[in-house]
Amino acid sequence: MKRKRDSRNKLRIFTILLLMFALIIGVYYAIKENDSEQTPGKEGTIITKPSDTKKDNQNSNEKLIDETFSLSKESKVPNIPFVSGKTGWKEVNKEWGKPDNVSETAKGRYEEYKSHHSTIGYAGNTVNDIRSYDSELQKITLNEIKKTGGEPDDIRYYKDSTHDQMILVYHANTSTDLLWVLPKTTEQEPDPKVDHISLFTQIEETSNQQENQTISKVISNMSLDEKIGQMILAGISGTTMDPNAQKLISQFHVGGIIFFKNNFETPEQTVQLVNQLKAENSSNLPLFLSVDQEGGRVTRLPGGLANFPPNGQIGQVYDPEFSYKVGTLLGQELKEFGLNLDFAPVLDINSNPNNPVIGDRSFGNNSEIVSELGIQTMKGIQSQNVIPSIKHFPGHGDTSVDSHLDLPIVNKSLKELKELELIPFERAIDDGADVVMVAHILLPELDKTNPASMSKAIMTDLLRKQLSFRGVIITDDMTMGAITEHFDIGKAAVESVKAGSDIILVGHDYNNVVKITSSLKTAVQNGEISEQRLNESIERIIQLKRKYSINDTKVVENPNINEINHSINSLLNNYLH
């Protein structure tokens, strides 16, 4: 009996111990399972809660943005082994093989590599544009870019039938820009994600040596008459190609034509005249075909085109995107009529309310509005492969005399000009201005004798040397009263070329072109102007004509006025109503 009782006691003790062991094991596994939500497992894999995923993505994006900005200073982008501005075409092809697609554009050749999610652009045979469509970059948002990179140095806009984009431009180094390309912000999507990035390098002399050699060869084969002709932009009389217009092109070899309102009657007549002038030009250098199409009260084109409001009203709206789109449509108007050079935008600051000639042609009375909207208008015109000309350097805003009638005088020092008038011009030059039109205004503090359009102190010392402008300098119309009331037009043209102008604008009267041509030729023959001085201007003129792929062979078709008007009215309805 006692043995039986002892046996039952042992069984109870064993059962209790077994239950305690089971309880300990259960608690152990419960703790382990809880810890596994926060600590690495055996393979080092971190199991995270869903709420942590967003943080990790943000951290990942920040690191990639940092890396992208950092590499851009070295002209590189993440995960692509090439250097913009240095790597050659052969090296790309050796590394990546043949591209999937090749396209030739006005900007150069582009080769697409789908497996690398990249497109490589070339200037000559040197990489100058690396575009990455990497899926990781496409997770980055607008606000994340600005948080890391700060406000961009510039904002551009691009729109076609399939894209409506904004482009944030950051200056990576002296020759390279980093561009973040995103869908334009909307109410529905105020923080869009990146479509792609572009690392673009402006390639200068080294890569253009071959082209410059070709230009030198063209210049060496030109006669003195042909060189002088390229430096003249002439107006014509009437609405048809008359004998004088023929002589301007075939005998005087003028580099271009300026049209005024009285040259245009209908779109059909205008296109016919343009095609006749182009056909008459037997030179291998095509014609600049130019017009003042500013919008507002300065418009020349015919056919009942819907007009833009004056720049003063656009300045009150103060929307850079609106100005870019206005510029785009101005460029489109010229392109439809077969023209390639627009004397716009106006970068004068309307600082004198008594100004009889500028007024609402200016975007406003302060440098910020004029700079920002003027530059966006300029870029819009350029987007249509039309050449803009910023005007009227060094600033016509603080005058009380109309230079069409007489010579305005501006008594400002260089320091004062730098604090106001020069600001929009300097910024536009830094942003890629191709042509600067110089005004007929006298600035005695800089040059006591000569107006800006005849002044070495203003065109060479200030514009070329201090503002580093390397493009084409053109005078305002030399037949204006500011010149003809005070100077002999032939002598004025000679002084202008000696002072640094590349093109003399002669808006009216065939005989003025004859006189100016004769005066310039005599000045070269007697050593007053060197032929090398002409060659410098001719080189800039040829470079500009080539940059915009100007040609006289393409026949211009009748413009679609209804389509242009629809675009203009839609734009104005969106921004003004």
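The sections below set out a description of the structure shown in this document. Bear in mind the structure is a predicted one, so any value in this text is a computation, not a measurement.

**A word on the environment of I369**
Okay, so step 1: Mapping I369 onto the fold places it in helix α11 (residues 367–383).
Okay, so step 2: Judged by relative accessible area, which is 16%, I369 ranks as buried.
Okay, so step 3: Between the C-alpha atom of I369 and that of G315, which follows or precedes it by 54 residues, the distance is 6.6 Å.

**Let's talk about the nonpolar core**
Okay, so step 1: Ranked by size, the top nonpolar core spans 117 residues in total, and within it F259 and F393 carry the most contacts.
Okay, so step 2: In contact with F259, other than residues within four places in its own chain, are I236, F264, L273, V274, L277, L289, S290, V291, R300 and L339.
Okay, so step 3: Membership of the second largest hydrophobic core comes to 28 residues, among which are Y113, I120, I197 and L199.

**Observations regarding the pattern of salt bridges**
Okay, so step 1: Within the structure shown, the criterion is met by 30 salt bridges.
Okay, so step 2: Note that K415 and E419 form a salt bridge whose closest N and O atoms lie 2.7 Å from each other. Taken together, the positions of K415 and E419, both in helix α12 (residues 414–419) and 4 residues apart, correspond to about one turn of that helix.
Okay, so step 3: Between D461 and K465 there is a salt bridge, with the nearest N and O atoms lying 3.9 Å from each other. One end of the pair is D461 and the other is K465, both in helix α14 (residues 456–466) and 4 residues apart, which spans about a single turn.
Okay, so step 4: Residue classification places D461 among the partly exposed residues on the basis of a relative accessible area of 28%.
Okay, so step 5: Given the relative accessible area of 59%, K465 is considered exposed.

**Examining helix α16 (residues 489–499)**
Okay, so step 1: Counting buried positions over the 11 residues of α16 gives 8, a clear majority of the element.
Okay, so step 2: The set of residues buried in α16 consists of I489, G490, A492, A493, V494, S496, V497 and A499.
Okay, so step 3: Two or three places before G490, at the opening of α16, D488 has a side-chain oxygen 3.1 Å from that residue's backbone nitrogen.
Okay, so step 4: Phi turns positive, to about 130 degrees, at G500, one or two residues after α16.

**What to know about the packing of α16 against helix α17 (residues 510–525)**
Okay, so step 1: It is the contact of α16 with α17, at a shortest axis distance of 8 Å, that shows an interaxial angle of 50 degrees. On the basis of the axis angle, α16 is oblique to α17. When you trace α16 past α17, the crossing you get is right-handed. Residues I489, G490, K491, A493, V494 and V497 of α16 form the contact with α17, whose own contacting residues are N512, K515, I516, S519, L520 and A523.
Okay, so step 2: Here the contact of α16 with α17 is built from residues that sort into 7 nonpolar, 3 polar and 2 charged.

**Some thoughts on the sheet that holds strand β13 (residues 387–393)**
Okay, so step 1: Strand order across the open sheet formed by 8 strands is β15-β14-β13-β12-β11-β10-β9-β16, with parallel pairing between neighbours. In this open sheet, the two edge strands, each paired with only one partner strand, are β15 (472–475) and β16 (504–506).
Okay, so step 2: Across 2 bridges, strand β12 (residues 341–342) lies against β13 in parallel orientation. Of the residues in β13, the one forming a bridge with L341 is I387.
Okay, so step 3: Where α11 meets the sheet, it contacts β12 and β13, and its direction lies at approximately 150 degrees from that of β13.

**With respect to the side chain of S132**
Okay, so step 1: With respect to the helices and strands, S132 occurs in strand β4 (residues 126–132).
Okay, so step 2: Since its relative accessible area comes to 3%, S132 is described here as buried.
Okay, so step 3: Within the structure, S132 has its side chain in polar contact with the backbone nitrogen of D134 (distance 3.4 Å).
Okay, so step 4: Those residues within four positions of S132 in sequence are excluded, and the remaining contacts are I80, H117, L137, H196 and I197.

**Considerations on α14**
Okay, so step 1: Along α14, the residues that are buried comprise I458, M459, T460, L462, L463 and R464.
Okay, so step 2: Two residues or fewer past α14, S468 is found with a positive phi of approximately 60 degrees.

**Things to note about the environment of I232**
Okay, so step 1: Turning to its location among the elements, I232 is positioned in strand β9 (residues 232–235).
Okay, so step 2: Along the sequence, I232 and L505 sit 273 residues apart, while their C-alpha atoms lie 6.1 Å from each other.
Okay, so step 3: Beyond its immediate stretch of four places on either side in the chain, I232 contacts V254, G255, G256, I503, I504, V506, V513, I516 and T517.

Parameters at a glance
Residues numbered from 1 in each chain as written. Predicted model: local features only at pLDDT ≥ 70, side-chain atom pairs only at ≥ 80, totals over all residues. Heavy atoms only, no water. Helix = DSSP H or I, 4+ residues; strand = E, 2+ residues; numbered from the N terminus. Buried < 20%, exposed > 50% of the residue type's maximum accessible area, 1.4 Å probe, protein only. Core = buried A, V, L, I, M, F, W, Y, C linked by side-chain atoms within 4.5 Å. Contact = heavy atoms within 4.5 Å. Salt bridge = Lys/Arg side-chain N within 4 Å of Asp/Glu carboxyl O. Polar contact = N/O pair within 3.5 Å; in protein donor to acceptor, adjacent residues only side chain to side chain. Axes fitted to C-alpha atoms, helices over the stretch in contact; angles between N-to-C directions. Parallel < 35°, antiparallel > 145°, perpendicular 65-115°, else oblique. Left-handed = near helix turned anticlockwise from the far one by under 90°. Nonpolar A, V, L, I, M, F, W, Y, C, P; charged D, E, K, R; others polar. Pairing = 2+ DSSP bridges.

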